[in-house]
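Geometric and topological summary
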Amino acid sequence: MQTEQSPADGTDLQYDQTNERYVFHHDTDGTATITTTIVHALSSITDVDVSQGEFSLYDSVDPDALDRIFRPKADGTDRTSGHIAFTALEHEVYVYANGDVIVYPPSDRSQ
């Protein structure tokens, strides 16, 4: 079962209950950068207000480097393979070259 949320940037953020993760796709043809999409999704998932400085992606990963890694190649072709994983706000974030992003909430260590 999946439920949808809509972060401020309009990303279709879905919670995949079966696999206990959030899934969304970054529109590589859109105007937002991959880091902007990720920040808005994390803000929606965690209820953290990024506009108030409660969270900075710089605490987890270099946003400029992340944007450079996933922008089109020098010859203008899209990147089709590769991924980056990092932890932000205790969530595991996986970013794929095709624009897919998967966010795993913190595991419940009490069980």
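Residues numbered from 1 in each chain as written. Predicted model: local features only at pLDDT ≥ 70, side-chain atom pairs only at ≥ 80, totals over all residues. Heavy atoms only, no water.

Per an unreviewed UniProt entry, the chain carries the name Halobacterial output domain-containing protein and comes from Natronobacterium texcoconense.

Within the chain, the regular secondary structure consists of two helices and six strands. Listing the helices and strands of the chain from first to last along the sequence gives β-β-β-α-α-β-β-β. Across the 111 residues that make up the chain, the buried fraction comes to 32%. Of the contacts formed within the chain by residues at least 6 apart in sequence, a portion of 40% connects residues at least 24 apart. (Helix = DSSP H or I, 4+ residues; strand = E, 2+ residues; numbered from the N terminus. Buried < 20%, exposed > 50% of the residue type's maximum accessible area, 1.4 Å probe, protein only. Contact = heavy atoms within 4.5 Å.)

Quick look at helix H2 (residues 63-70) now. For H2, the full list of buried residues reads Pro-63, Leu-66, Asp-67 and Phe-70. Looking straight down H2, one finds that the buried residues subtend no more than 95° of arc, so they occupy a single side. In this structure, the buried side of H2 is in contact with helix H1 (34-46), strand E4 (83-88) and strand E5 (91-96). For H2, the capping residue at the N-terminal end is Asp-62, with a side-chain oxygen 3.0 Å from the backbone nitrogen of Asp-64. (Arc of directions from axis to C-beta. Polar contact = N/O pair within 3.5 Å; in protein donor to acceptor, adjacent residues only side chain to side chain.)

Within the largest apolar cluster, 22 residues are counted, with the highest numbers of intra-cluster contacts made by Ile-38, Phe-86 and Val-93. Looking at this core, the elements with two or more residues in it are strand E3 (21-25), H1, H2, E4, E5 and strand E6 (100-104). Per element, the largest residue contribution to this core is six residues, and it comes from H1. With sequence-adjacent residues up to four places away left out, Ile-38 is seen in contact with Phe-24, Leu-57, Leu-66, Phe-86, Val-93, Val-95 and Val-101. (Core = buried A, V, L, I, M, F, W, Y, C linked by side-chain atoms within 4.5 Å.)

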